[in-house]
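# Chain and residue survey
Below, each chain spelled out in residue letters.
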Amino acid sequence: MPAEQRETEGTTRRSFYIGAIYGIWGIIAAALGLPAAAYLLLPPKVRKENEWFEIGDVSKLAPESPVEMTFRRNRVDGWKIISEKSTAWVVKEANHQVVAFGPQCTHLGCAYHWEESKNEFLCPCHSSVFAVDGKVVSGPAPRPLDRYETKIQGNRLLIGPLEGPPEQKA
Amino acid sequence: MKRRWEQAAGWLDHRTGIQTAVRQFLYEEIPASSGWHQVFGSVAVFLFLVQAFTGALLAFNYAPTPGDSYNSLRYILTELTAGRLMRGLHHWGASMMIVVVVLHMVQVFLYGAYKKPREATWMVGVVLLLVTLAYGLTGYLLPWDNRAYFGTVVATRIAGQAPVLGPYLVRLLGGVGAVGVVTFARFYGLHVLLLPPATLLLIAIHVYLVRKHGVAPAPGDELLPKKQFYPRQVFMDTVAIFVAFAALFTMAVAVRVPLEQLADPTDTSYIPRPEWYFLFLFQTLKLFTGPLEVVGSVVLPGLAVLALILVPFIDRGQMVRVTRRTVAIVFVALAALGWTGLTATAVMTTPPATEVEIDYSAPTDWMQLSPEEMAGVAYFRQENCVSCHSIGDGGGKVGPDLTTTSIHKDAAWMIQHFKRPSAMVPGSSMPPIQLTDAQLNSLAAFLLKLNPDNASALGNAPDFATQGALVYQVNRCGTCHMVNNVGMKVGPPLNGLSKRRSRSWVEDHFADPQKLSPGSFMPPYKLSSKDMENLTTYLFALPE
């Protein structure tokens, strides 16, 4: 066999080896990497939630005067279902509709409170101010206060899941 | 573009030397005889990396405390995408690691590659083998199911038998008194904190020594020109790695690793078995009884490890061709024969499981159904309803999806419809179902429970449960007993029966209740052995 021919044969074999090495490692990396990404990034299957929790009597609420009310609820947390205390700001609106706001400011999640004297919700972190109907009055808050789904049974208020952007849902 | 790339690479190499280092590593000269028989070391390193990767991913969703560990593993298996795959890879990867490490050792042994000056390389390799086994031992406890718990109880007892060191070893493993939180923490710590860096260090030393002495040549190699590691040998190693990976991936997808029930130290019926690669040790242990037990449990294995470490000093002859190493070949053959014999005996003498094993890594919603609903599942399967109806994703498309229909209909409507389908749905092509009213009631009760979320879980109810529930319904057990809060309280509620009574007690009790519980007014039941088995298994599977 002439030396030149041997040379080209050696080069083709060499490039075959190299191609196979890159190809195989590509397949392995994909076969491990894609499931790993799915495992870490996809949300877990949702276990039954959307339960309703009783928060208390709302018949005696004064209109337009928010009250902070606490309730216990069960929440799925990874592999656990925890029973935790949670709060809501409950307002009876002028038309006697009852609204329950989630307790966190829509800016960065600080706890806000009702300023009786000024008739507004104030967040102490970055001075976001919300009106009694939850709308932003001033400050950096990007959207009105999040609301819980609510149901009235007799005089009692039932609280459901928090409505808001999905990532904000507890 | 190419010029740019080369410039950048040159800049980086000038600062870090990385390109030179990689080049030096890849263009190492290896003997002319190198080839397919030397791929196992690379495969072992690859498998170690897969274990580290999948292990870290599992740890991201794992709570390392007894009880919580079980729940979090169930969460990984049942609720996370690819969670079952990750656990499958980690579980089967461990077994494959053992296989490959042993193959690597057998190859080196057969070729006599441990001879001067490579004694240290061999000895570090033996330590790596022991480390691999230590992963298996410590990882076994981490699911914290019955298998894990009782297997570890036995392992720590064996460690306690070691002469002199025994009690200290047990204390070190936290196994004083019983296997509990301390043992768990120690095993977890070893498995994820201590062993991995130790492995990395040992692999580094091992590879350094291989590089220092060069790959062991075969006789006659010195006359032939040397080859380069890259690309030919790297290609071979890569192909071998791919074969191993494909096998591992297939196993992880196809062979379900079960999760047994949560560890229950009071369970007296559980027969622990070690992992398959420890079975030969388990069988050796059985050959020695009484005061000699320590010979089988500690002395023999200890001597075997010592002999393995000393191999390079026992066999100090010149390198010869592998085909002429008859003593080594006979030795390997005998060891393989002995290992196979012991393992096979252990497998054959394993008593058949007394209980049907329930895979707790699968959805267990079916456990919450009442016996009537469960019997409905049995009729549903018997009548082959899925050939026309879909339940959520699976099933036929001729009839409506039952997960959505059931919401709008009540039981009375359904029963009328089962008897004369076209009377309720004009033009329906569904044939009438030939079952009694009681049976149709069961079927309707089950269908009322269906919703898109639980459909697949209910479809997965094991046959013993549906058949057991049929026996339960036919014999009207519910007129005296309660299951999942449905039924009467004349007799004791049957949830948690497995904790109160043994299986044989329950079976004898069916035949003659008064003999075992005097004063009971339960009538005797003559059940066929199949019915008896299904009913008992079903009752034992009920949640507490």
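Our structure's up above, just so we're on the same page.
Analysis parameters
Residues numbered from 1 in each chain as written. Chains lettered and ligands numbered in written order. Predicted model: local features only at pLDDT ≥ 70, side-chain atom pairs only at ≥ 80, totals over all residues. Heavy atoms only, no water. Phe/Tyr/Trp six-rings, centres within 6.5 Å; stacked < 30°, edge-to-face > 60°. Buried < 20%, exposed > 50% of the residue type's maximum accessible area, 1.4 Å probe, protein only. Axes fitted to C-alpha atoms, helices over the stretch in contact; angles between N-to-C directions. Helix = DSSP H or I, 4+ residues; strand = E, 2+ residues; numbered from the N terminus. Parallel < 35°, antiparallel > 145°, perpendicular 65-115°, else oblique. Left-handed = near helix turned anticlockwise from the far one by under 90°. Contact = heavy atoms within 4.5 Å. Nonpolar A, V, L, I, M, F, W, Y, C, P; charged D, E, K, R; others polar. Buried area = accessible area lost by both parts, 1.4 Å probe. Salt bridge = Lys/Arg side-chain N within 4 Å of Asp/Glu carboxyl O. Polar contact = N/O pair within 3.5 Å; in protein donor to acceptor, adjacent residues only side chain to side chain. Expected span 1.5 Å × (residues − 1). Pairing = 2+ DSSP bridges. Disulfide = S-S within 2.5 Å. Lys, Arg positive; Asp, Glu negative; His and termini not counted.

### Re the packing of aromatic side chains
The final tally for this structure, using the stated rule, is 30 aromatic pairs over all chains. Plain terms: the ring middles of W114(A) and F121(A) are 4.8 Å apart, the flat faces sit at 65° to each other, and that makes the pair edge-to-face. F121(A) shares its class with W114(A); the two are buried. Residues Y149(B) and F150(B) carry aromatic rings whose centres are separated by 4.9 Å and whose planes lie at 90° to one another, so their mutual orientation is edge-to-face. One aromatic cluster in this structure is built from W89(A), F101(A), Y112(A), W114(A), F121(A) and F130(A).

### Structural notes on the packing of helix α22 (residues 503–511) of chain B against helix α24 (residues 529–541) of chain B
The description of two packed helices rests on the angle between their axes and on the distance between the axes. Residue and element names in this part refer to chain B. Relative to each other, α22 and α24 sit at 125°, their axes nearing to 11 Å. In terms of orientation, α22 and α24 fall into the oblique class. Viewed along their axes, α22 and α24 form a crossing whose handedness is right-handed. Taken together, the residues of α24 that come into contact with α22 (itself represented by R503, V506, E507 and F510) are M532, E533, L535, T536, T537, L539 and F540. Here the residues of the contact of α22 with α24 are counted per class, giving six nonpolar, two polar and three charged.

### Considering the packing of helix α5 (residues 83–111) of chain B against helix α6 (residues 119–139) of chain B
All names here are of chain B. For the pair α5 and α6, the least separation of the axes is 10 Å and the interaxial angle reads 160°. Taken together, the axes of α5 and α6 lie roughly antiparallel to each other. In this structure, α5 meets α6 at a crossing whose hand is left-handed. Residues M97, I98, V101, V102, M105, V108 and F109 of α5 touch α6, and the partners they reach there are W122, L129, T132 and L133. Class assignment of the residues belonging to the contact of α5 with α6 gives a composition of ten nonpolar, one polar and no charged.

### Here we look at the interface of chain B and chain A
With 35 residues of chain B at the interface, the matching set in chain A holds 26 residues. Taking both partners together, chain B and chain A bury about 2,700 Å²; carbon and sulfur atoms supply 76% of that area. Contact with chain A buries surface across chain B, with E79(B), T81(B) and F235(B) losing the most and accounting together for 21% of the total. Inspection of the chain B/chain A interface yields one salt bridge. One salt bridge connects K80(A) with D68(B), and the closest N-O pair in it is separated by 3.5 Å. One can count six residue pairs in polar contact (both at pLDDT 80 or more) joining chain B with chain A. Broken down by secondary-structure element, the contributors of at least two residues to the side of chain B that touches chain A are α3 (40–59), α4 (68–79), α5 and α10 (229–254) of chain B. Among the elements that line the side of chain B that touches chain A, the one with the most residues is α10(B), at eleven residues. Tallied by class, the residues present in the side of chain B that touches chain A amount to 25 nonpolar, seven polar and three charged.

### Some points on helix α20 (residues 463–474) of chain B
Residues and elements named next belong to chain B. Here α20 is twelve residues long and its end C-alpha atoms lie 16 Å apart, about the 16 Å a rise of 1.5 Å per residue gives. Those residues of α20 lying buried are F464, A465, T466, G468, A469, L470, V471 and Y472. Directly after α20, the chain includes R476, whose backbone phi takes a positive value near 50°.

### Thoughts on the pairing of strand β4 (residues 98–101) of chain A
All names here are of chain A. Neither face of β4 is left uncovered, since the one carrying V98 and A100 and the one carrying V99 and F101 both have all their residues buried. Both strand β3 (residues 80–92) and β4 contribute to a ladder of four bridges, which runs antiparallel. Within the sheet, the bridge partner assigned to W89 lies in β4 and is F101. Between β3 and β4, which pair antiparallel in sequence order, lie five residues; one of them, H96, sits at a positive phi of approximately 70°.

### Quick word on the state of the cysteines
Note: disulfide means a covalent bond formed between the sulfur atoms of two cysteine side chains. One pass over the structure, following the stated rule, counts one disulfide over all chains. Paired through a disulfide, C110(A) and C125(A) show a sulfur-sulfur distance of 2.0 Å. Around the S-S axis, the bridge from C110(A) to C125(A) shows a dihedral of about -100° and counts as left-handed. With C110(A) in the loop between β4 and β5 (113–115) and C125(A) in the loop between β6 (120–122) and β7 (129–130), the pair connects residues that are 15 residues apart, well separated along the chain. Assessed through its relative accessible area of 38%, C125(A) is described here as partly exposed. There is no disulfide at C388(B), and the cysteine sulfur nearest it, in C385(B), is 8.9 Å away. Between C480(B), a cysteine without a disulfide, and C477(B), which holds the nearest cysteine sulfur, the sulfur-to-sulfur distance is 8.9 Å. With a relative accessible area of 32%, C480(B) lands in the partly exposed category.

### Focus: the side chain of E275(B)
All names here are of chain B. Structurally, E275 can be placed in the loop between α10 and α11 (279–287). Here E275 occupies a buried position and makes no salt bridge, while the nearest side chain of opposite charge, R147, is found at 4.0 Å. Filtering out sequence-adjacent residues up to four positions away, E275 remains in contact with H91, Y140 and R147.

By themselves, these are just geometric observations and shouldn't be taken as functional.
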